[in-house]
Amino acid sequence: MRDAVIVEALRTPVGKRDGGLSGVHPVDLSAHVLRGLAERTGLDPGRIDDVVWGCVGQAGEQTGDIARNAVLAADWPETVTGVTVDRQCGSSQQSVHFAAAGLIAGHYDVVVAGGVESMSRVPMGFAAQGANPLGERLLAHYGGVRPHQGAGAEMIVERWGFSRAQVDEFSLASHEKAAAAQDSGAFDEQLLPLGAVTADEGVRRGGSLEKLAKLKPAFAEDGVITAGNSSQISDGAAALLMTTSEKAAELGLRPLARVHTAVLAGADPVIMLTAPIPATHKALRRSGLSLGDIGVFEVNEAFAPVPMAWLAETGADPKTLNPHGGAIALGHPLGASGARLMTTLVHHMRASGVRYGLQTMCEGGGQANATILELIA
């Protein structure tokens, strides 16, 4: 029976908006991690059947099927194809799902899944400027409300009764965990430095609740969500090399983890950010595993209340959640974030001997992917 395994996972450091990676074209940012995968594994790129690449802002420099352009920019053979995926913030996690499905179905023998986003060069929402991507029927169905992530985050705060202090405490902890991970070298094996950028640029040290409390609400005058408890606008790319156990043995590649379960869930598109909760429950049901079987969770920190609500509803141990920090500290390069989280998850599972890990993230339209990985000893 065919399976889908990850044999390598790499990412660039995540750059701040207008930071060290802002001068790099997103095609070249993508090509950098593709070349890194081939060099790290010693695999002939000509053996790769396809590159499935997430990218949300498919406009400007990120248009024209950036996956194929990245393959060619990486100097890989012209026989290697590429396809670009948009499931909003979960685009590159969806790329992993598509790649896994293709491997299990026999459509692929070796495939790369990942993604990129240069939010410095292609600003969020750039593709929809001056346009109505929702249409009149959809707007009418939801009472004329245009969904907005910031407003959705404020709705979560109200529904779950979180205080400003609580969301700021969660955010401060994200930076503290990310700084500790940097200091301990926990990210070293997964990082592929680019030029002078050798570490994630968004991690802030020496923060305090007093400093966070001084930040003004970003979306509502009396709101709770600020720049300090939201994910950072970022640049970056990440990629995973995937194959089957049988093909890995044939090629002399060592599998790190197996894609055990992959699911999707949809929820209210107005509050937008709660679907990781049903996605997690669905993944556990389908996998036959219990919450206690999962040794580590990566839940994307789009806004602090998102993983906080997820914790409240799932009852997971807070110590198992985002042990090396999340997007509040590390950044959220939209199309790359799913693969960034999975890269961090795989390396943590390997370093700590964690058998099962679960990743989930909220996505535009009220959607979520959830993936359970199983460590291969």
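Heads up: these notes are all about the structure in this document.

Quick notes on the rules
- Residues numbered from 1 in each chain as written.
- Predicted model: local features only at pLDDT ≥ 70, side-chain atom pairs only at ≥ 80, totals over all residues.
- Heavy atoms only, no water.
- Buried < 20%, exposed > 50% of the residue type's maximum accessible area, 1.4 Å probe, protein only.
- Helix = DSSP H or I, 4+ residues; strand = E, 2+ residues; numbered from the N terminus.
- Pairing = 2+ DSSP bridges.
- Core = buried A, V, L, I, M, F, W, Y, C linked by side-chain atoms within 4.5 Å.
- Contact = heavy atoms within 4.5 Å.
- 1 Å grid on protein atoms, 1.4 Å probe; cavity = no way out; pocket = protein on both sides within 12 Å on 5 of 7 lines; lining within 4 Å.
- Points joined across faces, edges and corners; volume = space filled by probe spheres on them.
- Nonpolar A, V, L, I, M, F, W, Y, C, P; charged D, E, K, R; others polar.

## What about the pairing of strand 9 (residues 356-363)?
For strand 9, the tally of buried residues reaches eight of eight residues, placing the bulk of the element in the interior. Judged by which residues are buried, strand 9 turns out to be covered on both faces: Tyr356, Leu358, Thr360 and Cys362 on one side and Gly357, Gln359, Met361 and Glu363 on the other are all buried. Here strand 8 (residues 296-299) runs beside strand 9; their pairing, made up of four bridges, is parallel. When the bridges of strand 9 are listed, Glu298 appears paired with Gln359. Where strand 9 lies against strand 10 (residues 367-375), eight bridges are found, and the strand directions are antiparallel. What sits directly across from Glu363, in strand 10, is Gln367. In textbook terms, the turn of a hairpin is the stretch between consecutive antiparallel strands, and for strand 9 and strand 10 this stretch comprises three residues, one of which, Gly365, has a positive phi near 85°.

## Notes on the nonpolar core
Residues Leu273, Ile294, Phe297, Trp310 and Ile372 are the most contacted members of the largest nonpolar core, which totals 39 residues. For this core, the secondary structure elements donating two or more residues are helix 5 (149-160), helix 6 (164-184), strand 7 (257-266), helix 9 (276-287), strand 8, helix 10 (305-314), strand 9 and strand 10. When residues of this core are assigned to their parent elements, the largest contribution, five residues, is made by helix 10. In contact with Ile372, other than residues within four places in its own chain, are Arg258, Val259, His260, Thr261, Ala283, Leu284, Ser287, Leu289, Ile294, Tyr356, Gly357 and Leu358. The next biggest cluster of nonpolar side chains, apart from the first, holds 36 residues, and it includes Val33, Ala74, Leu194 and Ile376.

## Quick word on the layout of surface pockets
Empty space within the largest pocket amounts to approximately 1,400 Å³. If you list the elements that add at least two residues to the lining of the largest pocket, you get helix 4 (135-141) and helix 5. Of the residues assigned to the lining of the largest pocket, the class counts are 26 nonpolar, 13 polar and six charged. By volume, the second largest pocket is sized at about 240 Å³. Leu172, His175, Arg204, Gly207 and Ser208 are the residues nearest the centre of the second largest pocket, which is lined by 15 residues in total. If you list the elements that add at least two residues to the lining of the second largest pocket, you get helix 6 and helix 7 (209-213). With five residues, helix 6 is the largest single contributor of residues to the lining of the second largest pocket. A class-by-class count of the residues in the lining of the second largest pocket yields five nonpolar, six polar and four charged.

## Some words on the environment of Val197
Locating Val197 in the fold gives a position in the loop between helix 6 and helix 7. Given a relative accessible area of 6%, Val197 falls into the buried group. Placed 176 residues apart in sequence, Val197 and Leu21 show a C-alpha to C-alpha distance of 7.2 Å. When sequence neighbours within four positions are dropped, the list of residues in contact with Val197 reads Pro13, Gly20 and Leu21.

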